[in-house]
Amino acid sequence: MDNEVKLHGFWPSPFVYRVIWALKLKGIEYDYIEEDLANKSELLLRYNPVYKKVPVLVHAGKPISESLVILEYIEEVWPHNPLLPKDPYERSVARFWINFATDKGRSAVRSLFWGGEDGEKEAAEQMFNFLKIIEEQALGDKKFFGGNSINMVDLIFAWFACWIQPMEQLVGIKVLEPSRLPRLHAWVKNFKEEPIIKENLPDPERLLEYYTRMRSNRMSKPN
Amino acid sequence: MGEESKAVVHGTWASAFTKRVELALKIKGIPFEYVEENLRNKSPLLLKYNPVHKKVPVLVHNGKPICESVIILEYIDETWPSGTKLLPQEPYQRAKFRFWAAYIEQLLESVAKLFNAEKAAQGKALEEVHEKLRILEDGVKEFYFVEKSPDHVHAEKLGMLDIMMVGHLVAFKAQEEVLGVKIIDPEKNPFIASWIQALIQLPIVKETLPPHDNMVGLLQFVKQTGIKLMDKSRGHDRGLESKLQSST
């Protein structure tokens, strides 16, 4: 029991994948427990009473919730193969982009998926503007956000590598176009080719199916 | 100490997020220069230092800018490790701290929602705030409440969670006055109320927070003009303070 690592997750969740990748990049053994979010386990409710969400990491019986908190914890307990810069200033810059993705990124995604107040075209433009800032200021001419190798910032932006595509298909608007966002497009390709990432991605068809169901369920509910 | 290694804080007087940074530096005993920004006429420096959000607070250290108050607090703790620790040293305790820090930000969004709410929606919005305070109370008790009294609250022992809450205290009191509601209600949230009471007595807090009347004036103005408070952002870029300054 002593140093066991367990991860409670849900297969379509990009937040769960961040943790999976971090654990695998550091070579940490863990047990994975798939949660049915429509029927949450007793354990999950006990471990994360505030949000009742996944991912939850349990280390030696102690639960940690919220993917960003989990990632910082993993980084501190297992500092080899670092996912954050050592220098405090560089670290603050990494955290800045992580925060940016979490705040602005999430609202851009939500607008795109559910249709923003001003319609789908507006939502797509909002998303594009967000991605342009990312490409120019966070990524620049680097191969990865982390430089020559991936780091925590890449793991956070992974949503745009693997989850945006089924969403673009569903909504019928391509946002991450190679002609408009060439460097980001290249990053997507490079990110997905990294061995640990390549071996640990959700099935795109299954994801599309899941998003399609989600969207039609919500759309059919009266407002 | 050369020019480069000094610390400069760009902020505004009514910004609770700015207060967090000032307080953290004072607790650590780090001398710094303060630059009051006019958010309706942002300095070229601010735009250079925070091109993405164009907001305060920004901490400039060794000529390099750090943005976002919580990120700044972590930077301060890492860069000046001696003296009071803003976060615990042990990783699991740190994780819990960060979890509750994120929760405090959510709580503040609910408070902003309450402030922006129409009269009819105020009751429900207030309930949401009290509920979140209840959850926060339960969560942070283990860090603070030994024998039901926040006796950890001494100037040399203030940590990140204290700093985050205290920044908004004057705003809470002013909001209560402007809205005519009790946000921090000792009957609904006794531990929160006593925690805040303890914090507000500390000289280091008293000297950092803006005067109550100034806050009330500002918030009355905001409420009258219907400007959205906070608007889901975690810094200030709206220049409300300077609007008030120009109208008085």
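Residues numbered from 1 in each chain as written. Chains lettered and ligands numbered in written order. Predicted model: local features only at pLDDT ≥ 70, side-chain atom pairs only at ≥ 80, totals over all residues. Heavy atoms only, no water.

Student: For this particular structure, what's the right way to read the overall build of chain B?
Tutor: Along the backbone of chain B there are 11 helices and 4 strands. In chain B, which comprises 248 residues, the share counted as buried stands at 58%. Once local pairs closer than 6 in sequence are excluded, the contacts in chain B between residues at least 24 apart make up 72%. For chain B, the exposed area adds up to about 10700 Å²; of that, 53% sits on carbon and sulfur atoms. (Helix = DSSP H or I, 4+ residues; strand = E, 2+ residues; numbered from the N terminus. Buried < 20%, exposed > 50% of the residue type's maximum accessible area, 1.4 Å probe, protein only. Contact = heavy atoms within 4.5 Å. Areas by Shrake-Rupley, 256 points an atom, 1.4 Å probe, with all protein chains shown as cover.)

Student: Got a minute to help me understand the overall build of chain A in this structure?
Tutor: If you tally the helices and strands in chain A, you get 11 helices and 4 strands. For chain A, whose C-alpha radius of gyration is 18 Å, the value lies close to the compact-globule estimate of 17 Å for 223 residues. C-alpha atoms of chain A, sized along the principal axes, occupy 50 × 45 × 30 Å. Here chain A, with 223 residues, has 48% of them falling under the buried criterion. Taking the intrachain contacts of chain A between residues at least 6 apart in sequence as the baseline, contacts between residues at least 24 apart amount to 69%. (Rg over C-alpha atoms; globule rule 2.2 N^0.38 Å.)

Student: Could you clarify how one ought to interpret the interface of chain B and chain A in this entry?
Tutor: A common way to state how big an interface is: give the accessible area lost once the parts meet. Across the contact, 26 residues belong to chain B and 25 residues belong to chain A. Overall, the association of chain B and chain A removes approximately 2300 Å² of surface from exposure, summing both partners, and the carbon and sulfur fraction of that is 65%. Area buried by chain B at its contact with chain A is led by Val52, Tyr92 and Phe99 of chain B, which between them contribute 26% of it. Across the chain B-chain A interface, the total number found is 6 salt bridges. Between Glu78 of chain B and Arg91 of chain A there is a salt bridge, with the nearest N and O atoms lying 4.0 Å from each other. (Buried area = accessible area lost by both parts, 1.4 Å probe. Salt bridge = Lys/Arg side-chain N within 4 Å of Asp/Glu carboxyl O.)

Student: I tried to follow the pairing of strand E4 (residues 64-67) of chain B on my own but got confused; where do I start?
Tutor: Residues in a regular strand point their side chains to alternate faces of the sheet. The pairing of strand E3 (residues 58-61) of chain B with E4 of chain B spans 4 bridges and is classified as antiparallel. Within E4 of chain B, the residue paired with Val60 of chain B across the bridge is Pro65 of chain B. (Pairing = 2+ DSSP bridges.)

Student: Whenever I open this one, the sheet that holds strand E4 (residues 62-65) of chain A confuses me. Can you help?
Tutor: Strand pairing in a sheet relies on backbone hydrogen bonds, with the paired strands running either antiparallel or parallel. Residue and element names in this part refer to chain A. Spatial ordering of the open sheet is given by E2-E1-E3-E4, a layout of 4 strands whose pairing is mixed. Each of the sheet's edge strands pairs with one partner strand only, and the pair in question is strand E2 (31-34) and E4. Within this sheet the neighbouring strands show an average axis-to-axis angle of 20°, counted without direction. Alignment of strand E3 (residues 56-59) against E4, held across 4 bridges, turns out to be antiparallel. Among the inter-strand pairings, Val56 is bridged to a residue of E4, identified as Ser65. (Axes fitted to C-alpha atoms, helices over the stretch in contact; angles between N-to-C directions.)

Student: Whenever I open this one, the sheet that holds strand E1 (residues 7-11) of chain B confuses me. Can you help?
Tutor: All names here are of chain B. Taken in spatial order, the 4 strands make up an open sheet running E2-E1-E3-E4, and their pairing is mixed. On the outer flanks of this sheet lie strand E2 (32-36) and E4, each paired with one strand and no other. Taking each pair of neighbouring strands and ignoring which way they run, the sheet shows an average axis angle of 25°.

Student: Please clarify how the packing of helix H1 (residues 14-25) of chain A against helix H3 (residues 67-77) of chain A should be interpreted in this entry.
Tutor: Helix-helix packing: each pair is described by the crossing angle between the helix axes and the interaxial distance. All names here are of chain A. Two numbers describe how H1 lies on H3: the axes approach to 9 Å, and their chain directions differ by 5°. Classified by the angle between their axes, H1 and H3 sit roughly parallel to one another. Between H1 and H3, the contacting residues are Phe15, Arg18, Val19, Ala22 and Leu23 on the first element and Ser67, Leu68, Ile70, Leu71 and Ile74 on the second. Split by residue class, the contact of H1 with H3 holds 8 nonpolar, 1 polar and 1 charged. (Parallel < 35°, antiparallel > 145°, perpendicular 65-115°, else oblique. Nonpolar A, V, L, I, M, F, W, Y, C, P; charged D, E, K, R; others polar.)

Student: I would appreciate a short explanation of a positive patch on the surface in the present structure.
Tutor: All names here are of chain A. Side chains of Lys40, Lys52, Lys53, Arg106 and Arg110 sit close together on the surface and give a patch of like positive charge. Within the secondary structure layout, Lys53 lies in the loop between helix H2 (42-47) and E3. Residue class for Lys53 comes out partly exposed when judged on its relative accessible area of 46%. (Patch = residues over 30% accessible without salt bridge, like charges linked within 9 Å, V, L, I, M, F, W, Y side chains within 5 Å. Lys, Arg positive; Asp, Glu negative; His and termini not counted. Charge placed at Lys NZ, Arg CZ, Asp CG, Glu CD.)

Student: Just checking my understanding: could you explain the environment of Lys141 of chain B for this structure?
Tutor: All names here are of chain B. With respect to the element layout, Lys141 can be found in helix H5 (residues 122-144). With a relative accessible area of 29%, Lys141 lands in the partly exposed category. C-alpha separation for the pair Lys141 and Ile192, spaced 51 residues apart in sequence, amounts to 9.3 Å.

Student: Honestly, helix H4 (residues 91-116) of chain B in this entry has me stumped. Any pointers?
Tutor: Residues lying three or four places apart along an α-helix face the same way, a consequence of the helix completing one turn every 3.6 residues. Residues and elements named next belong to chain B. Between its first and last C-alpha, H4 extends 38 Å over 26 residues, near the 38 Å set by a 1.5 Å rise per residue. With 19 of 26 residues buried, H4 is to be regarded as a mostly interior element. Two or three places before Tyr92, at the opening of H4, Glu90 has a side-chain oxygen 3.1 Å from that residue's backbone nitrogen. (Expected span 1.5 Å × (residues − 1). Polar contact = N/O pair within 3.5 Å; in protein donor to acceptor, adjacent residues only side chain to side chain.)

Student: Can you help me understand the side chain of Asn50 of chain B in this one?
Tutor: Structurally, Asn50 of chain B can be placed in the loop between helix H2 (44-49) and E3. Polar side-chain contacts of Asn50 of chain B include one of 3.1 Å to the backbone oxygen of Lys55 of chain B. When sequence neighbours within four positions are dropped, the list of residues in contact with Asn50 of chain B reads Phe96 of chain A together with Lys55, Val58 and Cys67 of chain B.

Student: It is not clear to me how the packing of aromatic side chains should be interpreted in this structure. Could you clarify?
Tutor: How two aromatic rings sit relative to each other is given by the distance of their centres and the angle of their planes. In this structure the tally under the stated criterion is 25 aromatic pairs over all chains. Taking 6.2 Å as the distance between ring centres and 55° as the angle between the ring planes, the aromatic pair formed by Tyr51 of chain A and Tyr103 of chain B counts as tilted. Taken together, the positions of Tyr51 of chain A in the loop between H2 and E3 and Tyr103 of chain B in helix H4 put the pair across two chains. With respect to burial, Tyr51 of chain A and Tyr103 of chain B carry one shared label: buried. (Phe/Tyr/Trp six-rings, centres within 6.5 Å; stacked < 30°, edge-to-face > 60°.)

Student: Just to check I follow, could you spell out the pairing of E3 of chain B for this structure?
Tutor: All names here are of chain B. Both faces of E3 are covered, namely the face carrying Val58 and Val60 and the face carrying Leu59 and His61. Bridging between E1 and E3 involves 4 bridges; their strand directions are antiparallel. Residue pairing in the sheet places Ala7 in a bridge with His61 of E3. Hairpin remark: E3 followed by E4, antiparallel, with 2 residues in the connecting loop; positive phi at Asn62, about 55°.

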